[in-house]
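Structural description and commentary
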Amino acid sequence: MVKTKVKREKREEKAPEHRPKTLVVFFKRFGIPLIVLAFATLGFYIRYLPGTGKYFIDPDTYYHYEIYKLVLKEGLPRYYSMAEAPFGSLIGEPLGLYLLPAIFYKLISAFGYTTLQAFKLWPPTVGFLSIIATYLLARKIHGEWAGLWSAAIMSFLLAHFTRTFSGNARGDGPFLMLFLFASVAMLYYLEAKDVKRKMVYGTLFVALSVIALSAWNGSPFSLMVFLGFGALQAIVLFVFGRIEELREFIKLYYPTYLTVLLLGYLLTFPRIVAVKGHILFALKVFLGLAGLTVLMLYGGKWLNYSDRRHRFAVVAVVTLLGFVGAYIYVGPKLFSLMAGAYQSTQVYETVQELAKTTLGDIKAYYGIKGTDGIVFFMSLAGVLVLLYRYLTTLLREGRSSHEYLFALTLYGMSLYLVWSAVRFLFLASGAVILMAGVFAGELFRIIEDMKEKATTKITLGLALTVMLLLMPVTGVPLMINTAKAMKTSEVERSGWEDALMWLRENTSEYATATSWWDYGYWIESSLLGNRRASADGGHARDRDHILALFLARDGNVSEVDFESWELNYFIAYMQDWRKFNAISYLGGAITRREYKGDESGRGGVTTIVLLPGANGVYSNPYMGLTLRVENRTVKVNGYCEPMESVILPSNTHIKGSGQCETGSYFPYVAYVTPTFAVLAYYKVATSNFLKLAFGIPASKEANFTEKLYANFELVFQSGDVIVYEFKPFAVYKAEELVNGTWRAVETLTPGEHTLKLYISAFGRDVKNATLYVEALKDGKVVERIKVAEGLYIDHLNEKPIEVKVNLPEADEYRFVLVQKGPVGVLTSAPRVNGSIANPIKVLGEGQSGTLELKAAFDRDYTADLYLRVTFIYLVRKSGRSNDDIDAAFEPHMDTFFAAKLAEGLKLKKGEDTITVNAGLPAGVISSYEEKLKALYGDRLIIRGIRVEPVFIADKAYTIWEVRASAPHHGSE
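Residues numbered from 1 in each chain as written. Predicted model: local features only at pLDDT ≥ 70, side-chain atom pairs only at ≥ 80, totals over all residues. Heavy atoms only, no water.

Under an unreviewed UniProt entry, the name given to the protein is dolichyl-phosphooligosaccharide-protein glycotransferase, and the source organism is Pyrococcus yayanosii. Under the UniProt heading Catalytic activity (unreviewed entry), the note attached to the protein is "an archaeal dolichyl phosphooligosaccharide + [protein]-L-asparagine = an archaeal dolichyl phosphate + a glycoprotein with the oligosaccharide chain attached by N-beta-D-glycosyl linkage to a protein L-asparagine." One UniProt comment on the protein, placed under Subcellular location (unreviewed entry), says "Cell membrane". (UniProt positions renumbered as here; feature names shortened; annotations may be inferred.)

**Looking at the packing of aromatic side chains**
According to the stated counting rule, one finds 72 aromatic pairs in the structure shown. With 5.9 Å between their ring centres and 85 degrees between their planes, Phe-550 and Phe-762 make a pair best called edge-to-face. Placement of Phe-550 in helix α23 (residues 541-552) and of Phe-762 in the loop between β19 (751-761) and β20 (766-777) is noted, with a sequence separation of 212 residues between them. A relative accessible area of 0% means that Phe-550 is categorised as buried. For the cation-ring pair, Lys-276 lies above Phe-269, with the distance from its terminal atom to the ring centre recorded as 4.5 Å. (Phe/Tyr/Trp six-rings, centres within 6.5 Å; stacked < 30°, edge-to-face > 60°. Helix = DSSP H or I, 4+ residues; strand = E, 2+ residues; numbered from the N terminus. Buried < 20%, exposed > 50% of the residue type's maximum accessible area, 1.4 Å probe, protein only. Lys NZ or Arg CZ within 6 Å of the ring centre and 35° of its normal.)

**Quick notes on the state of the cysteines**
Scanning all chains against the criterion turns up one disulfide. Disulfide partner of Cys-640: Cys-660, at an S-S distance of 2.0 Å. Looking down the S-S bond of the Cys-640 and Cys-660 bridge, the torsion is 105 degrees, so its handedness is right-handed. Here Cys-640 is found in the loop between β9 (633-636) and β10 (644-647), whereas its partner Cys-660 is found in the loop between β11 (652-655) and β12 (668-672), with 20 residues between them in sequence. Both residues of the pair, Cys-640 and Cys-660, count as buried. (Disulfide = S-S within 2.5 Å.)

**Considering the domain arrangement of the protein**
One can read the domain layout of the protein as domain 1 (93-341 + 355-484), domain 2 (608-682), domain 3 (729-819) and domain 4 (824-958). A separation of 45 Å is found between the C-alpha centroids of domain 2 and domain 4. (Domains from an automatic or database assignment.)

**Thoughts on the UniProt feature "domain: Oligosaccharyltransferase peripheral" (unreviewed entry) in the protein**
Following the UniProt record, the feature "domain: Oligosaccharyltransferase peripheral" (unreviewed entry) maps to residues 821-952 here. Helix makes up 10% of residues 821-952 and strand 61%, with an end-to-end C-alpha separation of 5 Å.

**Overview of helix α3 (residues 96-108)**
In this model α3 runs 18 Å from its N-terminal to its C-terminal C-alpha over 13 residues, within 8% of the 18 Å that 1.5 Å per residue would give. Here α3 has its buried residues at Gly-96, Leu-97, Tyr-98, Leu-100, Pro-101, Ala-102, Phe-104, Tyr-105 and Ile-108. On its buried face, α3 sits against α2 (59-74), α4 (115-141), α7 (172-191) and α8 (195-213). (Expected span 1.5 Å × (residues − 1). Contact = heavy atoms within 4.5 Å.)

**Section: the confidence of the model for the protein**
Per-chain confidence: the protein averages 92 in pLDDT, with 95% of residues scoring 70 or above. With pLDDT under 50 throughout, residues 6-16 is counted as low confidence; its partners more than four residues away or in other chains account for zero contacts. (pLDDT = per-residue confidence, 0-100.)

**Observations regarding the sheet that holds strand β15 (residues 721-726)**
Pairing within the open sheet is mixed, and its five strands lie in the order β4-β3-β5-β15-β14. Either end of the sheet is taken by a strand with one partner, and the two such strands are β4 (532-533) and β14 (712-718). Of the pairings in the sheet, the one linking β14 to β15 comprises six bridges and is antiparallel in character. Directly across from Phe-716, in β15, lies its bridge partner Val-723. (Pairing = 2+ DSSP bridges.)

**Section: the sheet that holds strand β22 (residues 801-807)**
The four strands lie next to each other as β17-β16-β19-β22, forming an open sheet whose pairing is antiparallel. Single-partner strands in this sheet number two, and they are β17 (741-744) and β22. Strand-to-strand twist across the sheet, computed as the mean angle between neighbouring axes with direction ignored, equals 40 degrees. Two strands pair when backbone bridges link them, and strand β16 (residues 729-738) and β19 are joined in this way by seven bridges, in the antiparallel orientation. The partner of Lys-733 across the bridge, within β19, is Tyr-758. Packed on one face of the sheet, helix α27 (residues 704-711) meets β16 and β19 and runs near 115 degrees to β16. (Axes fitted to C-alpha atoms, helices over the stretch in contact; angles between N-to-C directions.)

Structure follows, in structure tokens:
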């Protein structure tokens, strides 16, 4: 009886302990998944908020939307007609990136969603699923608590938000989501004992990994992580003598990884996957690993495998030899296999997201509030926790945990990429959030393992929960406010929307336009301009240098043969003063040091600053500058004088010292207008950008401003955006001989006239041209008069031409220059012998075949067809080497006809199909390249070599339009 009573009392004492434990188990099994679902829903809501606006936030997304629509229309498109005007471009991105949202659209269209609505829903859906995937992966690696807090952090963290909000449909987001799910499947596959479960997880691992390869050109990251994990696990198992486990691991892992490579490679042929080179490289490394594995398993017959030290030495020596062999085989490129993602060219040097990552960037992207970097520092603690657990298990038990080793491999490779470029801050977010969750989960595990009363542990757990909840409590409202503020895009705020709608409604459907490359996708977008663009964020990167040359320079050197691009409209954007350092550097106006400073930041300059204001006071708070005009004195911040100040519109010049009172130089020119002032670094103080964006008539060459405004005629302006119609040939001044004196002409009368026409030929010569005058009444041509023929004008040394003309009565007169020029735009990918060819490199040297072109024309033409070669290259004009901090590069564009393919082609207005026999003579490109190398030596950098099909026809250029007036004088 006594014993029974004692036992009953003990059970009663333990009962309260048992119930809380049961509640915790129940909460972890059912409560945490529901909370994770709530966080995922919250993450979806935050990410969807920017999508409630009118347009996309990310410029690249406009392009992705167009290809997504092509996928819905064509299935597997190869050609995009709106880029690289007038030729179009092959689609370089993996089509899987667009098949995924297309499938998503097909699934939800039954609920009434349009193609645009579905496309906007896709990124936040990716964010939602990524949160679920992160929870599953963290739970598999460490436990439910780690999964919960990983999901909570990902729901609002800026680093992950940046690529998964509505309005940003790049490939990074879907890739990371699929990679995380593939990682979960891989870990379950390795541990599953049941054959059916193992088959299911193995199939999921392979399928998700291959689909991930199709989502992004940066997807080789997953191949390297999975390969790195497989290699490390095999090596560790070998070194620690776990040979049977090694055999089991390679039997499971190697075939599935090889299957991923083979399936991914097969999908490169229909362009669903677009990383063939990286897959082949991974395959070679994998074969090397397989060779090492064979050596580890069977090399004991010849090598000493008696202990860990000897086994490790064997692996180290073989790995070192393999690396040396790879370096000999691949060369220095071994260290730059992802060079496209780094600042490997001058253009990439100026792309902000490719800049080297700083600690400040990491703290901002992985911070909760401001730049505290809390999540990143938590992840470092999580790595230490996992590393400790892994090493403890390995050294005490000889067991290498798949979960721990994979997580450590993922984090290490992610951290490596993070420090290489800002754009990888998102890609690393999966690993960083995972490790931050592991750290939080470890704290809960410590509490659970404490030998304390349940009530004590619950109290500690609740206190820890409250502390950790401060992260979402603080971060979520901030991210919601940020997301809401993104609803109104730059397109709507700046004047771009109005300008592009004007372009769409008032120009030919075959018209081409350009601006600085950042805005090319807006020009091309079916939501906005719907016109072909000469440059954009993903195409024609060689042309970026030529655009920069035009914008950053002045005079003859800045004259670009835009007619070779068949350019019709140029769009200037006032706010590009913020990007003008990059433009100036790419255009050869400043050195690399002036662009970004040396390693210490010294020597960098700001090329242009806009200062709004009035009544003599102008300021830019962001730049910390204030300019004041008092008593014919101009000072900046009260103690610096510009070299020169120009008061507009009176054109009053005020000389200054170009120094500050501290004695430092202030090499700037100030332009002051009634509503704003501009400070311009002396090297770009007469740049074409100032003329076109701000109407500042500054040039070092006589009459160049007048010429520029003749060739670029302002046709529309809204806000900060100005649209110019480009005219390759234009009259910038006209004079009439009246009583022996040349007088300026503003109108013309019916009758005889002797005229002197000052024609600006921008970037190309007038060659064997014929000049006509068209008399118009009520907007219709009533008579056309040939005025002159056989005209030649050197665009670098223009001389006026004198003509005599007898004008009939009319309302106005139009002077038209007719000479050979490029016409037409391609509407489909060229085909050579039936196979699709690159529109900007249709043939290689010595190649020939049947060339089929589909092209559209704005009118009927009789044309000749040529293969035209274009070299775009840079010549270093300062600095000791191309990598020198003091290097500056002068852009050049040379064009010449390499072969005449057909003549007298009858082309009809609209779309035509042309088939000809084509061939590119051997040596035509290489000989010109050798000529450039001989001329410039190591100062030469070739940025692009194009072989383009060009239709050349008699083309009419309106060079002058003048009103008619009643007769008022005689003409001599």
